[in-house]
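Descriptive analysis of the structure
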Amino acid sequence: MENTDWKNLPFGYVKTDYNIRCYYRDGKWGELEVTSKDHIDIHIAATCLHYGQQAFEGMKAFMGKDGNIRLFRWQENAKRMVSSAEGIFMAQVPKELFKEAVVKAVLMNRKFMPPHGTGAALYIRPLLLGTGAQVGVKPSNEYMFMVFVTPVGPYFKEGFNPVKIAIVKDSDRAAPLGTGQIKVGGNYAASLRGVMRAIDAGYGSPMYLDAKEKKYIDEIGAANFFGIKNNTYITPKSDSILPSITNMSVMAIAEDMGMKVERRPVALDELESFEETGACGTAAIIAPIGEVHDLETGKTINFCKDGKPGPISEKIYKRLLGIQFGDEEDKFGWTEIIG
Ligand SMILES: *Cc1c(COP(=O)(O)O)cnc(C)c1O
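Below is a short write-up of the structure. Note that the coordinates shown come from a computational prediction; the quantities given were computed from them, not determined experimentally.

**Examining the overall build of the protein**
The helix and strand tally for the protein stands at six helices and 18 strands. Projected onto its principal axes, the C-alpha coordinates of the protein cover approximately 55 × 50 × 35 Å. A burial count over the protein gives 51% of its 339 residues as buried. For the protein, the proportion of contacts with a sequence separation of at least 24, taken over those separated by at least 6, is 71%. On the protein, roughly 15700 Å² of surface is accessible, and the fraction owed to carbon and sulfur atoms is 51%.

Structure (C-alpha cells):
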C-alpha cells in the first residue's frame, strides 16, 4: 500500500488480505475463522437471500500520530447489532465475539491502515446473515457472522462540502412500527426509491419525513438529521430513525460545549428557523446541509452562506475527528487502543 494516494481514496471496496468469519449452528457459535477469499459460499435457499434476514454495522479504526490504532465506541456497534438481531429474530453475536472478530480483522490487515494525517481510516463492516435453508417464512436456525475491512478516504477532500437535499414525500424508508430503528439491509432496499428520486433531480440525498403524517423530519438518506439554533442542538425523535452513534457522540460534545440538546419531533415547518443544519453518520461524521428543496412544492431553503458550513457544525466536527484520531483528549472514554 506504499504508493496509495490516501487522501483521494474513494469510499469504496478495496480488497484487503483477510476477513473473519464465524458460524452459528446447533444453537451455538463456533470458532473464528480467517480467510483470504472475498466470496462466500451459501445455500441457495438461505433466509438472507430470500427474506432479508440480514443485519450489518459500519465503524472505523483510526491511526493516531502515536502509531496506535484506535476503535471508536465499538461497544455501541456491538449493542446495536444485538438489537438488530433481536428485531428480525436472528442469533445474537455476543459482545466479546464481536470485538474479537473486529480487532482481528483490523490487526491482520494492518498494512491497509491509512496513515495519520491523511484523513483516511479503515472502515469496518460486520455482517450477520441467516444462512439456513428455508422456503417457508420463518427465522433461520443457522447464521454466519463476518467482518471485513476496507480503507476509505476522507469524506470531504477539500474540507467541508455542503450537501444538497431533496424532500421526498412519495416514498418511505421505514414504517412507524417497522424496522427503521435497526440496521438491516431491508431498510436500504426500501430507501433506494427515495435516493434515486433525489439523485435524478440533481440532489445528493433524500430527506425522509415521518411515514404517517409527512409532517416531521425523519432521516437524511442513511444519516441522522440535526438543526442548530439559539445555542441548541436539535435532532428528531421518532420510532423509525436508526440511532446513530455519531449523533449520540455529537450530542455529548454539543452539551460539553455548553449548548442545550433537544431530542424531539422536528416539524418540517421548523426547518427554516435553523441557523445550521446537517446530517451525521460514521462515513462523513457531519455533512453540513447547504440547501433543502421540496420536490413537491418547489420550495428551496438555503443554509450555508458562501458555500461554507456553519461555525458550530465545524467546531463539533473538528472536536469529534480529533478524538477519533487521538489528537484531542478523549474525556468521554470513547476510544480504545487495540494495537
Ligand atoms: C448507519 C446509519 C446511520 C448512522 O449511524 P452511525 O452509527 O452514526 O454510523 C444513520 N441512519 C441510518 C439509516 C443508518 O443505517
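**Regarding unusual backbone geometry**
Here the phi dihedral of Asn230 falls at roughly 50°; this positive angle occurs in a residue that is not glycine. Within the secondary structure, Asn230 sits in the loop between β12 (223–229) and β13 (232–235). Taking relative accessible area as the criterion, Asn230 reaches 60% and is therefore assigned exposed. One non-glycine residue, Asn231, lies in positive phi territory at about 55°. Secondary-structure assignment places Asn231 in the loop between β12 and β13.

**Thoughts on the site of the ligand**
Surrounding the ligand, one finds 14 residues, the nearest of these being Lys183, Tyr188, Ser244, Thr246 and Thr282. Note that an oxygen atom of the ligand is positioned 2.7 Å from one of the side-chain N or O atoms of Lys183. Contact with the protein chains removes 96% of the 380 Å² of surface that the ligand exposes when unbound. At the level of secondary structure, the elements contributing two or more residues to the shell around the ligand comprise β12 and α5 (245–256). By residue class, the composition of the shell around the ligand is five nonpolar, five polar and four charged.

**Here we look at the pattern of salt bridges**
If you walk through the whole model with that rule in mind, you get 19 salt bridges. A salt bridge links Glu76 to Lys79; the shortest N-O distance between them is 3.4 Å. Taken as a pair, Glu76 and Lys79 lie in helix α2 (residues 74–87) at a separation of three residues, close to a single helical turn. In this structure, the salt-bridge partner of Glu336 is Lys99, at a minimum N-O distance of 2.5 Å. Pair noted here: Glu336 is in strand β18 (residues 335–337) and Lys99 is in helix α3 (residues 95–108), with a separation of 237 residues, a long-range link. Residue class for Glu336 comes out partly exposed when judged on its relative accessible area of 24%. A residue is classified by how much of its surface remains accessible, and Lys99, at 19% relative accessible area, is buried.

**Examining a nonpolar patch on the surface**
Taken together, the side chains of Tyr18, Val34 and Met108 make up a nonpolar region of the molecular surface, amounting to roughly 220 Å² of accessible area. Within the secondary structure layout, Tyr18 lies in the segment before β1 (19–25).

**Concerning the packing of aromatic side chains**
Scanning the model with the defined rule gives twelve aromatic pairs in all. Summarising the aromatic geometry, the rings of Phe62 and Phe325 are spaced 5.0 Å apart at their centres and angled 80° between planes, so their arrangement reads as edge-to-face. Of this pair, Phe62 sits in strand β5 (residues 59–63) while Phe325 sits in the loop between α6 (311–324) and β18; the two residues are 263 residues apart in sequence, bridging distant segments of the chain. Each member of the pair Phe62 and Phe325 is classed as buried. Taking 6.0 Å as the distance between ring centres and 25° as the angle between the ring planes, the aromatic pair formed by Phe98 and Phe145 counts as stacked. Highlighted residues: Phe98 in helix α3 and Phe145 in strand β8 (residues 143–152), separated in sequence by 47 residues. The exposure class of Phe98 is buried, given its relative accessible area of 1%. Take Phe145: its relative accessible area is 1%, and that puts it in the buried class. The rings of Tyr24, Trp29, Phe98, Tyr143 and Phe145 are connected pair by pair, giving a single aromatic cluster. The residue whose ring lies beneath Lys164 is Tyr203, and the NZ or CZ to ring-centre distance is 5.1 Å.

Cut-off values and rules
Residues numbered from 1 in each chain as written. Predicted model: local features only at pLDDT ≥ 70, side-chain atom pairs only at ≥ 80, totals over all residues. Heavy atoms only, no water. Helix = DSSP H or I, 4+ residues; strand = E, 2+ residues; numbered from the N terminus. Buried < 20%, exposed > 50% of the residue type's maximum accessible area, 1.4 Å probe, protein only. Contact = heavy atoms within 4.5 Å. Areas by Shrake-Rupley, 256 points an atom, 1.4 Å probe, with all protein chains shown as cover. Near = heavy atom within 4 Å. Polar contact = N/O pair within 3.5 Å; in protein donor to acceptor, adjacent residues only side chain to side chain. Nonpolar A, V, L, I, M, F, W, Y, C, P; charged D, E, K, R; others polar. Salt bridge = Lys/Arg side-chain N within 4 Å of Asp/Glu carboxyl O. Patch = residues over 30% accessible without salt bridge, like charges linked within 9 Å, V, L, I, M, F, W, Y side chains within 5 Å. Phe/Tyr/Trp six-rings, centres within 6.5 Å; stacked < 30°, edge-to-face > 60°. Lys NZ or Arg CZ within 6 Å of the ring centre and 35° of its normal.

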